[in-house]
Every structure is written in structure tokens, then in C-alpha cells.
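# Per-entry structural report
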Amino acid sequence: MFARSFFSLLLLFLIFSRADALFGYGLLRCQFTSPDDVLYMEQIFFNKVLLIDYNSTVGKYVGYTEKTRDLADGLNKSPSFMKQVKKNEDKCKSHVSLALDFLSKPVEPYVTVKSVDAASSRHPGMLICSVYDFYPKQIRVTWLRNGKEVTSDVTSTEKLSNGNWLHQIHSYLEFTPKPGEQITCKVEHSSLTEPKLYDWDPTPHSQNNKIAIGTAGLVLGLVFLVAGLIYYKKNSAGRMLVPTG
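Attention in this report is confined to the structure presented alongside it. Predicted model, so just to flag it, every value in this text is computed and none were measured. (Residues numbered from 1 in each chain as written. Predicted model: local features only at pLDDT ≥ 70, side-chain atom pairs only at ≥ 80, totals over all residues. Heavy atoms only, no water.)

### A short note on the sheet that holds strand E13 (residues 183-188)
Two strands in a sheet stick together by hydrogen bonds in their backbones, pointing the same way (parallel) or opposite ways (antiparallel). Spatially, E9-E8-E13-E14 is the arrangement adopted by the 4 strands of the open sheet, whose pairing is antiparallel. Each edge of the open sheet is held by one strand with a lone partner, namely strand E9 (148-150) and strand E14 (196-199). Neighbouring strand axes in the sheet, compared pairwise and without regard to direction, differ in orientation by 40° on average. Relative to E13, strand E8 (residues 140-145) runs antiparallel, the two sharing 6 bridges. Looking at the pairing, Arg145 lines up with Ile183 of E13. (Pairing = 2+ DSSP bridges. Helix = DSSP H or I, 4+ residues; strand = E, 2+ residues; numbered from the N terminus. Axes fitted to C-alpha atoms, helices over the stretch in contact; angles between N-to-C directions.)

This is how it looks when you write it as C-alpha cells:
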């Protein structure tokens, strides 16, 4: 069952008096658990006190003070106002199918693996496997060392909500680097037909940049060398030796 919330539109307004500031706001909400269970609600608060609301289950405005009860009665008797409320309610229901269509499709996560210096640890290094923007919330993130699952020196955050139905999680592995060792972050999620493996690259980014620059310089040097040889051969072919003496 889906969590009961689709969208909320929050309207804020401030009213100032000479002595102090008064705070009020209106809240429009469309909530659902299924296409057949949709709730549209309007609420007006003043200084955190609910004064009047409309609930589609009740089908009318209800006031909670003497003045707002009179106001609610007037709104319920206004054909034009109630017609607009019904339009808002129908629009709320029309969005439910769009939301359910989105929520029925799993979203594949974006994954990064990086190393940082470990603080206050018996290990000198720490790897972070960050998994971003996945849906649904259920996911499994594990570490592999040379193909075998690691169970010690591993911690993880809770699954964190991004506020847009998507989630993220971060898994940490404290380790001591060893030559030739392969460390992998393994991610299992319903959006994936099979688990995905993300290997840690022990080469520092700065060293990668140096390698890339060196390779580019080597290629450029070879280009100039070949061009020079071609130029030399053309000039040599056009020359004639003149005997002297």
C-alpha cells in the first residue's frame, strides 16, 4: 500500500498588527492510498489553530469557532463556491492515475564509489558507495573483496528520502589497501534485472589526469615526428648532388 500522500499545495499569508505579527496559512491537499481511496482537503489555520476546513469525505465546509461556523455555512450555501471546490476535487482525482503510473515503474539508481581518509579508525582508508535516486525504497548494498562478501568494518546510512519519491543510501567500508586486491560495491534493486557491480578504482584522480596528459603528449609527439619525416623525405627526393672539384 502506498503512503497516503500525493501532493500538497501550501499557501502562506502574514497579517501584521501594531503590537505583534499574526500568522496564518491555508493548506490544500490531495491524498490517496488507491484510485478508489482519494481524499481532497482544504484547511485554514491561524496562529497554528485550525479554523475551518473542507473534507471531500464529509462533502462540506466545517467551522471550528463561532465566526468560522457561520462562514462555513455561507460557503456551503454558495453554488459558485461549491462548484469550484468540486472542480478542485476532480482535478485531485485525475492526478492519482498519473501518480500511480509513476510509482509502478522502478527507477534505476545512480552509483559512485570513492575513497576517503578514515578518521579515528584502525584502518587507514575508507570507501564510500553512494547510491542515488532509486525507487522503490527497498534496496540491498553490499561490499565484495575479491568476489567474496565483506561483513566486517561495514556501516551504512538509513535509506534517505529525496522528497520526490526517490531515495538515496550510502555504505562505508573501512579497509587497509593491499596490492592486487579488488574491492567491489554490489547493488541489488528491483529496477535491475541482475545485481550490478561497481569496482573501486585505486588510481587517484590526479594520477589518472597525469596519465591522460602524458598519453596525449606522446600521441602529439608522434604526430609531429611522422610529419617531420614526411617533410624530410619530400625535400630529399627533390635535391640533386652537384660534384665539385
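### Observations regarding the environment of Ser97
On the secondary structure map, Ser97 appears in helix H2 (residues 79-103). Note on Ser97: relative accessible area 49%, which makes it partly exposed. Taking the C-alpha atoms as reference points, Ser97 and Pro35, 62 residues apart in sequence, are found 6.8 Å from one another. (Buried < 20%, exposed > 50% of the residue type's maximum accessible area, 1.4 Å probe, protein only.)

### Notes on the state of the cysteines
One pass over the full model with this rule turns up 2 disulfides. Residue Cys30 pairs covalently with Cys92 via a disulfide, S to S 1.9 Å. The S-S bond linking Cys30 to Cys92 shows a torsion near 80°; that makes this disulfide right-handed. You can see Cys30 sitting in strand E2 (residues 21-34) and its partner Cys92 sitting in helix H2, a full 62 residues away along the chain. Just as Cys30 is buried, Cys92 falls in that class too. The side chain of Cys129 participates in a disulfide bridge whose partner is Cys185; the two sulfur atoms lie 2.0 Å from each other. Here the disulfide of Cys129 and Cys185 is left-handed, its torsion about the S-S bond being about -75°. On the criterion of sequence distance, the pair formed by Cys129 in strand E7 (residues 125-134) and Cys185 in strand E13 is long-range, its members being 56 residues apart. The same class applies to Cys129 as to Cys185, namely buried. Each bonded cysteine of the protein gets a number by its place in the sequence, and the pairs then read 1-2, 3-4. (Disulfide = S-S within 2.5 Å.)

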